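# Structural features, examined
In case you want the letters, here they are:
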Amino acid sequence: MKVNGREIAHVDDAKDRRQAFRKLAKTAERYLQGQVLRPESKRKSSMIPVVKAKLLEGKRGLIVGIANENSIAWGCAKAFRAFGAELAVTYLNDKAKKYVEPLARELEAPIVMPLDVNAPGQMEAVFERVTKEWGKLDFVVHSIAFSPKDALQGRVVDVSRDGFLTTMDVSCWTFIRMAHLAEPLMRKGGTLFTMTYYGSQMVVKNYNIMGVAKAALESAVRYLAAELGPKGIRVHAISPGPLATRAASGIPEFDALLDKAKAKAPARSLVSIEDVGVATAFLAHDAARLITGETLYVDGGYHIID
Ligand SMILES: NC(=O)c1ccc[n+]([C@@H]2O[C@H](COP(=O)([O-])OP(=O)(O)OC[C@H]3O[C@@H](n4cnc5c(N)ncnc54)[C@H](O)[C@@H]3O)[C@@H](O)[C@H]2O)c1
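Scope of this entry: the structure provided in the associated data block. (Residues numbered from 1 in each chain as written. Predicted model: local features only at pLDDT ≥ 70, side-chain atom pairs only at ≥ 80, totals over all residues. Heavy atoms only, no water.)

## Considering the overall build of the protein chain
A count of helical and extended segments in the protein chain gives nine helices and nine strands. The burial tally for the protein chain puts 44% of its 306 residues in the buried class. (Helix = DSSP H or I, 4+ residues; strand = E, 2+ residues; numbered from the N terminus. Buried < 20%, exposed > 50% of the residue type's maximum accessible area, 1.4 Å probe, protein only.)

This is how it looks when you write it as structure tokens:
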């Protein structure tokens, strides 16, 4: 099948004409929905893993924090989608949109919206759209953090008030705010996730003020879990080992952190965003309904070793 002279579909493995027609009709439908099409023969295999047991089928969730294919939020989104959940995703701004949109298409996300937590009203707009289109929410993944360079890379003792407030605002308060906005949409319960790091508990070289923010975030998780638990809403922090993402590139000597993690972790392995995603998806399943307020380490056991 060609559109404007460009081949968008090629059927050579159909058993009969009716099957070939069905395949082309499906392709045409996707084309009309605005999805980018590649000929089937040239199409890369899907980025979403194939999982037979659709354990999260019927669940709908919001994923905040996909910047690119390396993002922890993307690892989570892939796992949730593979298990059958439907996803709404956000991107930071127009610059980020071109990286996030193709990923959102892979996820077949029906809601894709901008969200800069510093932009007044944008978070509310996302929740309003979810309310209008879905009327409910089963999970939220908050996978964002930010600290201005001079705050992040300086000593905690020297941090400016502005640097401190910005770090806490984006990296901690926004999770509390998302919980507030999600609560009315989780009438039948749900799960809220945020991403933290071991530097909240121990002094990790170069983690600085972000360690302070993550400690506050983990504490917020416990208070939110206690307050929302009676409504069946569970709240977790996921604590991955170091991963080479864009956010991590702001931390000096990050390679040394990776080397140390691999050498010291009982698993003698670094973690992947897929490892983080699957662990997070498990906690969203009803089988985990009595687990809440947790900081779950996905770090190959690094945190138990002296
Ligand atoms: N990479 C690691 O080693 C590691 C380890 C443990 C925890 N984490 C945490 O995981 C989370 C995700 O980070 P990542 O490592 O996937 O990096 P990433 O750069 O892929 O993701 C960070 C996200 O934060 C978003 N963000 C920053 N400021 C924002 C704002 N004002 N409004 C909306 N979004 C904003 C960015 O757009 C980006 O999508 C962060 O909370 C980070 O602290 C990372």
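## Side note on the sheet that holds strand S6 (residues 139-142)
Strand order in this open sheet of seven strands is S5-S4-S3-S6-S7-S8-S9, and the pairing throughout is parallel. Looking at the sheet topology across the chains shown, the edges are occupied by strand S5 (111-114) and strand S9 (295-298). Mean inter-strand twist for the sheet, computed between neighbouring axes without regard to direction, equals 20°. The sheet contacts of helix H7 (residues 208-228) involve strand S7 (190-195), strand S8 (233-240) and S9, and relative to S8 the element is tilted by about 160°. (Pairing = 2+ DSSP bridges. Axes fitted to C-alpha atoms, helices over the stretch in contact; angles between N-to-C directions. Contact = heavy atoms within 4.5 Å.)

## Concerning the side chain of Ser147
Mapped onto the elements of the fold, Ser147 is located in the loop between S6 and helix H5 (149-152). At a separation of 2.9 Å, a polar atom in the side chain of Ser147 contacts the side chain of Thr167. Apart from residues lying up to four places away in sequence, Ser147 is in contact with Leu152, Thr167, Ile209 and Met210. (Polar contact = N/O pair within 3.5 Å; in protein donor to acceptor, adjacent residues only side chain to side chain.)

## Section: the nonpolar core
A general feature of soluble globular proteins is that nonpolar side chains tend to end up buried together. If you look at the biggest cluster of nonpolar residues, it comprises 38 residues, and the most contacted ones within it are Ile63, Ile66, Phe80, Leu87 and Leu107. When contributions to this core are tallied by element, the ones reaching two or more residues are helix H2 (72-82), strand S4 (86-91), helix H3 (94-106), S6, S7 and helix H9 (273-284). With eight residues, the top contributor of residues to this core is H2. Excluding anything up to four places from it in sequence, Leu107 contacts Ile48, Ile66, Trp74, Ala77, Lys78, Arg81, Leu87 and Val89. Among the nonpolar cores identified, the runner-up in size contains 32 residues, and Val64, Met113, Val126 and Val221 belong to it. (Core = buried A, V, L, I, M, F, W, Y, C linked by side-chain atoms within 4.5 Å.)

## Observations concerning the site of the ligand
Neighbouring residues of the ligand: 27 residues in total, closest Gly65, Ser71, Val117, Leu243 and Thr245. In the complex, 92% of the free accessible area of the ligand, which totals 820 Å², lies under the protein chains. Classifying every residue of the shell around the ligand gives 17 nonpolar, seven polar and three charged. (Near = heavy atom within 4 Å. Areas by Shrake-Rupley, 256 points an atom, 1.4 Å probe, with all protein chains shown as cover. Nonpolar A, V, L, I, M, F, W, Y, C, P; charged D, E, K, R; others polar.)

## Topic: the pattern of salt bridges
It is possible for side chains of opposite charge to pair when their charged atoms get near one another. By the definition in use, this model includes 11 salt bridges. Salt-bridge contacts for Arg81 lead to Glu108; the nearest nitrogen and oxygen are separated by 2.9 Å. In this pair, Arg81 sits in helix H2 while Glu108 sits in the loop between H3 and S5, placing the two residues 27 residues apart along the sequence. The exposure class assigned to Glu108 is exposed, which follows from its relative accessible area of 52%. (Salt bridge = Lys/Arg side-chain N within 4 Å of Asp/Glu carboxyl O.)

## Considering helix H4 (residues 122-133)
Side chains that are three or four residues apart share a direction in an α-helix, a result of its 3.6 residues per turn. End to end, H4 covers 17 Å across 12 residues, agreeing with the expected 16 Å (1.5 Å per residue, within 8%). All buried positions along H4 are accounted for by Met123, Val126, Phe127 and Val130. Viewed end-on, H4 has its buried residues packed into an arc of 90°, placing them on one side of the element. Counted as exposed and oriented over 90 degrees from the buried face of H4: Glu128 and Lys132. On its buried face, H4 sits against strand S3 (60-64), S4, S5 and helix H6 (161-182). (Expected span 1.5 Å × (residues − 1). Arc of directions from axis to C-beta.)

## Observations concerning the pairing of S5
Of the two faces of S5, only the one carrying Ile111 and Met113 is buried; Val112 and Pro114 on the other face are not. Sheet topology places S4 next to S5; four bridges connect them, and they run parallel. Its bridge partner being in S5, Val89 is matched across the sheet by Val112. What joins S4 to S5 is H3, and the crossover it makes is right-handed. (Right-handed = clockwise from strand over helix to strand, strands pointing away.)

## Regarding unusual backbone geometry
Of note, Asn206 is a non-glycine position whose phi angle comes to about 75°, a positive value. Checked against the element boundaries, Asn206 lands in the loop between S7 and H7. Of note in the backbone geometry, Arg268 takes a positive phi value of approximately 50° without being a glycine. Assignment of secondary structure puts Arg268 in the loop between helix H8 (254-264) and H9.

## Re the side chain of Glu218
Along the chain, the position of Glu218 falls in helix H7. Look at Glu218: it is buried, it has no salt bridge, and the nearest opposite charge is Arg222 at 4.9 Å. (Lys, Arg positive; Asp, Glu negative; His and termini not counted.)

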